[in-house]
Every structure is written in C-alpha cells, then in structure tokens.
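# Survey of secondary and tertiary structure
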Amino acid sequence: MMWGPMTQNEISSHFRIVNGKSQLVGTFTERYPTSRADFYYVPFIKSMTQNLVSIIILTSRWGDQGKILDRCLQGIYRQSFREFEIILVTNGLDQSHVNEIKNRHPTVRIIENEENKGCAGGRNQGIKEARGRYIVTLDDDMVPDSKWLEELMRFKSRDEGIGMLASKVLFSSSRDIIDCAGVEISKDGNVYGRMGLTIDEGGSEQIEEVFCPSGGAAFYKREVFEDVGLFDEDYFIYYEEVDLAFRARLAGWRCLYVPRAVVFHHHAWSLGHESSRKIFLLERNKILTILKDWPIRYILYYAPLIVAYDILADGYYLLKKKDISRFKAKISALKQLPRVLRERSRIQSNRRITYAEMDRFWGPYYSPWFIYKRRCRLDRILQEKSS
C-alpha cells in the first residue's frame, strides 16, 4: 500500500520543523491513521533525490563505544559513492556525550532520545526523517569498506522486485572469517547468519537471492516500507529485521546477497553475549515472528522440529545456566496473542506469492550439536579479540 504522490502543499501541511528536523503533525495522522498494531506507513515524496542513500545508525553507549562509533562514521566518510546522508539516533545517551558527537561529527543529523527506544523504534525514527530514496540501517559497531555503498548501488535497479540487499559481514578481528552473508530461516524457527564462521573467498561467491539482510548492515528501497510498514517496535531488538523481511517477502519483494559489499563487525554487544535479557528477547521475538508471519501450513508442518528444539534449548538454559528467561519469554509472547493475531490477519491477507515460492524461504535445519559447536567457535573468536 502506498500513499502518494503528494502535492507540495500537502507535504507542508503534514510536517513541521522542530529544532531543524521535520516532524509529523496531526493532519497527517488524521488523514492516514496508524497505530503500533497497524505498523507505520511513510509518504512517498517525489521530490527526493533519486540516488540519495539515507544511512541510519543507532548508538546507545559511549566510552569505548565512542571509539567504535568514530570508526563506523569514518568508514562512511571514506565511501567512493558520495550521495548519502547520515542520521544518527542516540538511544538514552547523556547530553554531554551527544554534544561530544556533535562536535566531532558536525555534518551528521542527530535524533536524540532520552530513553532507549530499541533498534526497531530508533530505526523507525530515522526512516521518518530520511530524505533518501534508499534506506540503509547500520549498527554502530560496523565499519564499511570504502566501496560498500558503490557495490550496493550497482544492484539497486537490477530487478524491480528486488527490495532488499544483503552485505557480506566479516569479523573485524578475523577478517578472513564471515560473520554472516545475509540471514537464513531454519525450519526449527531460529534464524542464523548465512555462511557464518566460514572462510571468506574474497567476494568471488555468487550474487544470489537470500531470505533477508542482517539488520546491522541492510539496504532497502523506500518502497518496501511504503508497502508493508516499518519495523515492529514491540520487538525492541532482535528479529525485527526478520519480521519486516517476512512481511516484504510475502508481499512479493526479494533480497539479493552482494558479496563485494563488505562491512567489518566489531561485536560490541548491546545486551551482552549471553545475558538473560538477550535470551528473553531472542526467544520471545522468535515466537512472535512464527505466530505473525509464518503461513499456517508451515507452522503445522515444522511444529515437531520447533517443539523439539525448544525442549532441548529450554533444558540447557534451565539446567546448565540456571536461567528461566526462555520460559518468561513464552509467557510474554502469549500475553501478546490478541495483538499478534490481528497483525497476522493483515499480513497474510497481503500475501502475493505462491506456496511454491515460499518453499524457498526456509534454509537447512541445523542440529543442536552443530549449533553448540558453532557457538563455542564464536566464543573463541570473540575471546581472541578481547585478549
């Protein structure tokens, strides 16, 4: 669904300038009523620069994180493709830290939040402020290669149905090892970094369709958001890009993996590598995504795998970690069931693809032992980085 094009008078009547930034006013929401349950729709403004890329970065910490943010911004400044704007969303930073960022990076547009609105809420704020035809979400611990945007822009118009592009993400401490090359959906309901912890072949891999990009380095056409809405803010963090991608894929949009578009990941964990809060959000948001986005035939078909994996994972965290976060997550997800079912009805009614096309969504099933060994190897890489 798209709103627009709008006349210049309509645009002026729906926006006002506050502290140098445009904000929606009442007439817009009255004409286009939305709520969190209805997602958020963005007007398409014809006068935007045709090739402008809006890069949206979130940051919520300072100290050593400030050095990482500086590296991220310096990587953007070095881009060979020059038509971009940077929108930085600060989630709960002290005013002194925000002022320091403004002094160091005066050309960056900053949206200040007194409290942490999460990845979903912060990115939505950036998208609403963005002037670009293309939207990039970039985590503050990602440092892009100098030709990153140039490589992505080469494929922006390859096919009208391509609405998302995935970058190759390498570990900053082990630059020959892939962190992810897009995201894949397992039949047990979990999501994994595609090609994670494999050796990089230097960009010689095939340009191919993948399920979706990692939200830490994702490229979107603005039309995707106009069609299916923005990130679901109830997710806060984790799986929000997967939920968005499911809505987009069901509506017919596709995603390409561009192996020569490279970023380096510094892994500055937002909530800790294995914190209870992270475990809770990952499990809750996985359940919400299955209930909202998976067509019923796939929920029923893969239910035995989903349940079997959950029993093993629940037992592992309860007995070995003494952590009940996964049980709390299930209760939280069930409490949201009425809202989720309302959203599910709309999402599934917007489906424009066949079951045969959906069959390609799901990646391979990984055994719990494989996942455990993979996690141990990731721990070793991160420990080597910190030593």
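This text follows the structure it describes.
Just so it is clear, the model here is predicted, and its values are computed rather than measured.

## Some remarks on the overall build of the protein
Scanning the protein from terminus to terminus reveals 14 helices and 14 strands. Counting across all 387 residues of the protein, residues that qualify as buried make up 57%.

## Topic: the packing of aromatic side chains
Enumeration over the complete set of coordinates arrives at 20 aromatic pairs. Centre to centre, the rings of Tyr316 and Tyr317 are 5.2 Å apart; their planes meet at 85°, and the pair counts as edge-to-face. For Tyr316, a relative accessible area of 27% gives the class partly exposed. Cation over ring: Arg194 sits above Tyr257, and NZ or CZ is 5.1 Å from the ring centre.

## Considering helix α5 (residues 118–129)
Here α5 spans 17 Å end to end across 12 residues, near enough to the 16 Å set by a 1.5 Å rise per residue. Of all 12 residues making up α5, 10 are buried, and the element is well covered by its neighbours.

## Observations regarding the pattern of salt bridges
Tallying each qualifying case throughout the model produces 33 salt bridges. We note a salt bridge from Arg109 to Glu85, for which the minimum N-O separation is 2.7 Å. Of the two residues, Arg109 sits in strand β5 (residues 109–113) while Glu85 sits in strand β4 (residues 84–91), which places them 24 residues apart along the sequence. The exposure class assigned to Glu85 is buried, which follows from its relative accessible area of 7%. Residues Arg326 and Asp310 are paired through a salt bridge, measuring 3.2 Å at the closest nitrogen-oxygen approach. With a gap of 16 residues between them, Arg326 in helix α11 (residues 325–335) and Asp310 in helix α10 (residues 296–319) connect regions that are remote in the sequence. Assigned by exposure class, Arg326 and Asp310 land together as buried.

## A short note on the packing of helix α9 (residues 276–293) against α11
One can describe the packing of α9 onto α11 by two numbers: an axis separation of 8 Å at closest approach and a directional angle of 40°. By the criterion of interaxial angle, the relationship of α9 to α11 is oblique. Here α9 and α11 pass one another in a crossing that is right-handed. Of α11, the residues touching α9 (which contributes Ser276, Ile279, Phe280, Glu283, Arg284, Lys286, Ile287 and Leu288) are Ser325, Arg326, Lys328, Ala329, Lys330, Ser332 and Ala333. Residue composition of the contact of α9 with α11, grouped by class: 6 nonpolar, 3 polar and 6 charged.

## Here's the deal with the environment of Ser367
Its location among the elements puts Ser367 in the loop between α13 (355–358) and α14 (368–386). Here the alpha-carbon distance between Ser367 and Tyr309, two residues 58 residues apart in the chain, equals 8.7 Å.

## A closer look at the pairing of strand β6 (residues 134–139)
Across the 6 residues that make up β6, a large majority, 5, are buried. Judged from the 6 bridges that link them, strand β3 (residues 53–59) and β6 form a sheet pairing that is parallel. Across the sheet, residue Ile56 finds its bridge partner in β6, namely Thr137. Pairing of β6 with strand β13 (residues 217–221) involves 5 bridges; the strand directions are antiparallel. The partner of Val136 across the bridge, within β13, is Phe219.

## As for the side chain of Asn91
Tracing the sequence through the fold places Asn91 in strand β4. Reaching out from Asn91, the side chain makes a polar contact with the side chain of Asn113 at a distance of 3.0 Å. At a separation of 3.2 Å, a polar atom in the side chain of Asn91 contacts the side chain of Asn116.

## Some details on the nonpolar core
When a protein is soluble and globular, its nonpolar side chains tend to lie buried together. Judged by nonpolar contacts, the single largest core of 61 residues is most densely connected at Phe211, Tyr220, Phe225, Phe246, Trp294, Phe361 and Trp362. The element best represented in this core is helix α8 (residues 240–250), accounting for 6 residues. The residues touching Trp294, leaving out its near neighbours within four places in the chain, are Ile185, Ser186, Lys187, Gly189, Phe246, Thr289, Ile299, Tyr302, Ile306, Arg344, Gln348 and Trp362. One finds Cys72, Leu138, Leu165 and Phe219 within the second-largest nonpolar core, a separate group that totals 35 residues.

## Considering the pairing of strand β14 (residues 254–265)
Counting buried positions over the 12 residues of β14 gives 10, a clear majority of the element. Bridge count between strand β7 (residues 142–144) and β14: 3 bridges; the pairing is antiparallel. Note on β14: the bridge partner recorded for Pro144 is Val263. Inspection of the sheet shows strand β8 (residues 162–171) paired to β14 by 8 bridges, in the parallel sense. In the strand pairing of β14, Lys168 is matched with Val262. As paired strands, strand β12 (residues 208–210) and β14 are joined by 3 bridges and run antiparallel to one another. Bridging across to β14, Glu209 finds its partner in Leu256.

## Observations regarding a nonpolar patch on the surface
A cluster of nonpolar side chains, namely Leu318, Leu319, Ile324 and Phe327, defines an oily patch on the protein surface of about 360 Å² accessible area. By the secondary structure assignment, Ile324 is in the loop between α10 and α11.

Reading the values: the criteria
Residues numbered from 1 in each chain as written. Predicted model: local features only at pLDDT ≥ 70, side-chain atom pairs only at ≥ 80, totals over all residues. Heavy atoms only, no water. Helix = DSSP H or I, 4+ residues; strand = E, 2+ residues; numbered from the N terminus. Buried < 20%, exposed > 50% of the residue type's maximum accessible area, 1.4 Å probe, protein only. Phe/Tyr/Trp six-rings, centres within 6.5 Å; stacked < 30°, edge-to-face > 60°. Lys NZ or Arg CZ within 6 Å of the ring centre and 35° of its normal. Expected span 1.5 Å × (residues − 1). Salt bridge = Lys/Arg side-chain N within 4 Å of Asp/Glu carboxyl O. Axes fitted to C-alpha atoms, helices over the stretch in contact; angles between N-to-C directions. Parallel < 35°, antiparallel > 145°, perpendicular 65-115°, else oblique. Left-handed = near helix turned anticlockwise from the far one by under 90°. Contact = heavy atoms within 4.5 Å. Nonpolar A, V, L, I, M, F, W, Y, C, P; charged D, E, K, R; others polar. Pairing = 2+ DSSP bridges. Polar contact = N/O pair within 3.5 Å; in protein donor to acceptor, adjacent residues only side chain to side chain. Core = buried A, V, L, I, M, F, W, Y, C linked by side-chain atoms within 4.5 Å. Patch = residues over 30% accessible without salt bridge, like charges linked within 9 Å, V, L, I, M, F, W, Y side chains within 5 Å. Areas by Shrake-Rupley, 256 points an atom, 1.4 Å probe, with all protein chains shown as cover.

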